[in-house]
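Notes for the structure review
Each chain, written out:
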Amino acid sequence: MYDTFIGLEIHIQLLTKTKVFCGCSNNYGDEPNTNVCPVCLGYPGTLPVLNTDALFMAYQVVGALKCKRAEAAIFERKNYFYPDMPKNYQISQFADPVGINGEVIFPFQGEEHRVRIHDVHLEEDAGKMIHAGDMSLLDYNRAGTPLLEIVTEPDLRSGEETEAFLRYFRTLVRTIGVSRGNMEEGNLRCDANISINTHGAGLGTKVELKNINSSRFVRLALEYEKERQIGIVEAGGSVDQETRLWNENKDITVVMRRKEESKDYRYFPEPDLPPYRPGEDFFRRVEESLPELPLDRQKRMEAAFSLTDEQASYLCEEKARADYFEAAVAAGSEAQHLYFWMSGDLAALVNKSGTPLEESRLSPEKLATVLRLLDNGAIHGPIAKKMVALLFEEEHDPEGLIAERGWKALDDTSKILPIVKKAVDANPSAAEQLKQGETKVLGFFMGQVMKETGGRADPETAKALITSYVKGEIV
Ligand SMILES: [Zn+2]
């Protein structure tokens, strides 16, 4: 049998206002070559200045990944030529990264798995080359934007586990607030290395998979590559150390080039950036800024609110979602009832509108009010649904809305009965079916009554009245 070893190099774009060594905007999606200056284009005679916001975020990640932090930020030049890198070198870190020897504990198939972090280093991104017809265009907006590279040890064992790790890692960086962490948008990019070997024999020959742009492709590419390598070894061959690309149209990996060694890059100290020592106050602020980690929060919320693993995991996937839940509980909501609404109606509204939960008009306190009104019978389910949808979009007072729109629950039998009679009398064949015991027809009549009352009728009362009237128990 074989062991599989998977390690990752993850790049995240940091959410700073400006680039890492100059004052240009770090805004994504602007017109090409509008966020550029002599510094990020590497004109002779210009000097880089470290953006300490980027360094602050780098140390937040270092803290969250439980790394040993460097007391000073030391930069080096990584020399290589590429058309999207005007300086012919990239300012990066090599010998002294901002953090080393960390770990991430993440949930996978109901268990806690651990991945060791080799190092975390801060660097600048390159520009972007766009191929259009027979032309190659260069956009330097991205040149000099802050990137954090996180290198893991080869502790992952399968494509599926790697996908789960990346999903957790995304939640982690979003929770800290340092990156959007979205692979599809390119603000989280990932290379993977994978080797296999006969069980117990340690690491095999490493193959690197480059630029995989979705977490699903990470899983597919790694599973494919694992089988390919096993196939070579079983046939008596040996795996070449090389870099391969994932071909998403054919679902295979294809060779790109033989691996370069880091010595090929010629690193040397960046003479224009002296080591930067942030000081105690800076490090204290970094520590104070760190939120509860998603897995810790998940476990705490599971216990505190009697949630299942799955429920707590859903809530903690987004910090804003977990914050919202806890605020609504604090405002008096019962946890399961609240979860039901958040994962149902509210999730659908977020999806449909594209408005993030935290930007909707429906505050946790207002949702708690709606659920309380529902609980004490002031409104019924269909009205609560309408209210939630309306409050999500517009500014209203939930209690005021009831009076304003005439949404108060209708429990009064003498008011519901005439509506029931009208619906049943107008549909004699359906009434006969119900009388014969076809309970499915009850839904049809409920629909009629709810339509007529604008969803205000008490469902239990209405059901009882329909059944009795059809059977002739009331006239
Ligand atoms: Zn610039």
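In what follows, the accompanying structure is described. (Residues numbered from 1 in each chain as written. Predicted model: local features only at pLDDT ≥ 70, side-chain atom pairs only at ≥ 80, totals over all residues. Heavy atoms only, no water.)

**A short note on the overall build of the chain**
Within the chain one finds 15 helices and 14 strands. Its C-alpha atoms give the chain a radius of gyration of 30 Å, more than 25% over the compact-globule value 23 Å for 475 residues. Judged by the C-alpha coordinates and their principal axes, the chain covers about 95 × 55 × 50 Å. In the chain, which comprises 475 residues, the share counted as buried stands at 47%. Once local pairs closer than 6 in sequence are excluded, the contacts in the chain between residues at least 24 apart make up 66%. (Helix = DSSP H or I, 4+ residues; strand = E, 2+ residues; numbered from the N terminus. Rg over C-alpha atoms; globule rule 2.2 N^0.38 Å. Buried < 20%, exposed > 50% of the residue type's maximum accessible area, 1.4 Å probe, protein only. Contact = heavy atoms within 4.5 Å.)

**A look at the sheet that holds strand β3 (residues 76–79)**
Taken in spatial order, the three strands line up as β4-β3-β14 in an open sheet, and their pairing is antiparallel. Each edge of the open sheet carries a strand with a single partner, namely β4 (89–92) and β14 (267–269). Averaged over all pairs of adjacent strands, the angle between their axes in this sheet comes to 30 degrees, without regard to strand direction. For β3 and β14, the ladder comprises three bridges, and the chain directions are antiparallel. Residue pairing for β14: E76 is matched across the bridge by P269. (Pairing = 2+ DSSP bridges. Axes fitted to C-alpha atoms, helices over the stretch in contact; angles between N-to-C directions.)

**Looking at the pattern of salt bridges**
What the rule picks out here adds up to 34 salt bridges. One salt bridge connects D125 with R142, and the closest N-O pair in it is separated by 3.3 Å. Of this pair, D125 sits in the loop between β6 (111–124) and β7 (128–132) while R142 is found in the loop between β8 (135–139) and β9 (146–152), placing the two residues 17 residues apart along the sequence. For R142, a relative accessible area of 25% puts it in the partly exposed group. Among the ionic pairs, K422 bridges to E452, the shortest N-O distance being 3.2 Å. Placement of K422 in helix α12 (residues 413–426) and of E452 in helix α14 (residues 440–453) is noted, with a sequence separation of 30 residues between them. The exposure class of K422 is exposed, given its relative accessible area of 52%. (Salt bridge = Lys/Arg side-chain N within 4 Å of Asp/Glu carboxyl O.)

**Remarks on the pairing of β8**
With five bridges connecting them, β7 and β8 associate as antiparallel partners. Its bridge partner lying in β8, M129 is registered against L138.

**Structural notes on the coordination of the zinc ion**
Bound to the zinc ion are the protein donor atoms C22 (SG), C24 (SG), C37 (SG) and C40 (SG), situated 2.2 to 2.4 Å from the metal. Relative to the metal, the four donor atoms surrounding the zinc ion lie at angles of 99 to 114 degrees, and the coordination shape comes out tetrahedral. Here the donor residues for the zinc ion map to a single chain with the spacing C-x1-C-x12-C-x2-C. (Donors = N, O, S within 2.8 Å, 3.2 Å for Na, K, Ca; no water. Tetrahedral: all angles 85-135°; square planar, octahedral: opposite > 155°, others 65-115°.)

**Quick notes on the packing of aromatic side chains**
All chains considered together, the criterion is met by 13 aromatic pairs. Between F56 and F282, the ring centres sit 5.4 Å apart and the planes meet at 80 degrees, which makes this aromatic pair edge-to-face. Placement of F56 in helix α1 (residues 52–64) and of F282 in helix α4 (residues 280–289) is noted, with a sequence separation of 226 residues between them. In this structure, F56 and F282 share a single accessibility class: buried. Ring geometry for Y59 against F283: centres 4.9 Å apart, planes inclined by 90 degrees, an arrangement best described as edge-to-face. (Phe/Tyr/Trp six-rings, centres within 6.5 Å; stacked < 30°, edge-to-face > 60°.)

**With respect to the nonpolar core**
Of all hydrophobic cores here, the largest spans 64 residues; its most connected members are I12, L65 and I150. If one sorts the elements of this core by residue count, α1 sits on top with nine residues. Among all residues touching L65, those that are not within four sequence positions of it are G102, E103, V104, I117, V120, I150, F169 and L172. A328, L349, V370 and I402 belong to the second largest nonpolar core, which has 36 residues in total. (Core = buried A, V, L, I, M, F, W, Y, C linked by side-chain atoms within 4.5 Å.)

**Looking at the sheet that holds strand β12 (residues 242–247)**
Read across the open sheet, the nine strands follow the order β2-β5-β6-β9-β1-β10-β11-β12-β13; overall the sheet is mixed. Edge positions in the open sheet fall to β2 (68–69) and β13 (252–258), since each of these has one partner strand only. As defined by bridge partners, strand β1 (residues 2–13) adjoins β9 across five bridges and the pair is classed as antiparallel. Its bridge partner lying in β9, Q13 is registered against L147. Packed onto the sheet, helix α2 (residues 159–176) meets β1, β5 (99–108), β6, β9 and β10 (188–198) and runs at close to 110 degrees relative to β5. Its contacts with the sheet put helix α3 (residues 215–234) on β1, β10, β11 (207–212), β12 and β13, and the angle it makes with β10 is roughly 25 degrees.

**Comments concerning a nonpolar patch on the surface**
A surface patch of nonpolar side chains, about 240 Å² in accessible area, is lined by I130, M135 and L137. The class for L137 is partly exposed, based on a relative accessible area of 36%. (Patch = residues over 30% accessible without salt bridge, like charges linked within 9 Å, V, L, I, M, F, W, Y side chains within 5 Å. Areas by Shrake-Rupley, 256 points an atom, 1.4 Å probe, with all protein chains shown as cover.)

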